[in-house]
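Remarks on the overall topology
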Amino acid sequence: RQTPQLLEVPKFDLSSATAINEMFYSATQIQYIEPYDLDNEAPNITSILYTFRGCSNLKNVPITSCSNISDFRSSFISNKFTSFDLDCSSATLVTNMFEQCTQMDICNATFPNNFTNTSYMFDGCNNLKEIKPFNTINVTNSRTMFRSTYALRDLSDDLWDFRNATN
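What comes next concerns the included structure. (Residues numbered from 1 in each chain as written. Predicted model: local features only at pLDDT ≥ 70, side-chain atom pairs only at ≥ 80, totals over all residues. Heavy atoms only, no water.)

With respect to the packing of aromatic side chains
Centre-to-centre distance and the angle between the planes together describe a pair of aromatic rings. Counting across every chain of the model gives 17 aromatic pairs. For the ring pair Phe-134 and Trp-160, a centre distance of 5.0 Å and an interplane angle of 65° mean the geometry is edge-to-face. Linking Phe-134 in the segment after strand E5 (130-131) with Trp-160 in the segment after E5, this pair joins segments that are 26 residues apart in sequence. Note on Trp-160: relative accessible area 11%, which makes it buried. Lying across the ring of Tyr-36, Lys-11 places its NZ or CZ 5.2 Å from the centre. (Phe/Tyr/Trp six-rings, centres within 6.5 Å; stacked < 30°, edge-to-face > 60°. Helix = DSSP H or I, 4+ residues; strand = E, 2+ residues; numbered from the N terminus. Buried < 20%, exposed > 50% of the residue type's maximum accessible area, 1.4 Å probe, protein only. Lys NZ or Arg CZ within 6 Å of the ring centre and 35° of its normal.)

Quick word on the pattern of salt bridges
Under the defined criterion, the tally for this structure stands at four salt bridges. Ionic pairing is found between Glu-41 and Lys-11, a salt bridge with its closest N-O pair at 3.1 Å. One end of the pair, Glu-41, is in helix H1 (residues 38-41); the other, Lys-11, is in the segment before strand E1 (36-37), with 30 residues separating them in the sequence. Glu-41 sits in the partly exposed class, given a relative accessible area of 27%. With a closest N to O distance of 2.5 Å, Arg-163 and Asp-161 form a salt bridge. With a relative accessible area of 65%, Arg-163 lands in the exposed category. Since its relative accessible area comes to 16%, Asp-161 is described here as buried. (Salt bridge = Lys/Arg side-chain N within 4 Å of Asp/Glu carboxyl O.)

Overview of unusual backbone geometry
Of note, the phi angle at Gln-100 is positive, near 60°, even though the residue is not glycine. Relative to the assigned elements, Gln-100 resides in the loop between strand E3 (83-84) and strand E4 (106-107). A relative accessible area of 33% means that Gln-100 is categorised as partly exposed. Of note in this structure, Thr-144 is not a glycine but carries a positive phi near 45°. Assessed through its relative accessible area of 23%, Thr-144 is described here as partly exposed.

Next up, the structure:
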């Protein structure tokens, strides 16, 4: 599961893959992964749980499309990309999605309006300055969603509504 010595990989054929969970888990040395168009190259994959978690030197977002993905839990923990701008409109699970992405300064992802749990989603993203607003009215657990997001200054958009959150 852990691949700390991995430096580079060829682009794999994922056309018949149904799961790539933990595929690059803890590949701490890898700096670049040729991006995958998951919508077209891997249309049967719906989860990228832990797939790029712990790739602490990865400087690019290793996917160019992901509108078919529903499970993003812990998928990009500690990555070093600076921006994230993808259609994540099928996402239902996003806990810890960007945790400790310390270099990310903008998140322009498109998210749906059906989240109930956003805990740790941006935890430790200390350079994050801007997030494209998404509707949080259904969120009941937002525990430490924005902890240590020191550069984030404005969550005034009406979509940021946590009135139903109990945590």
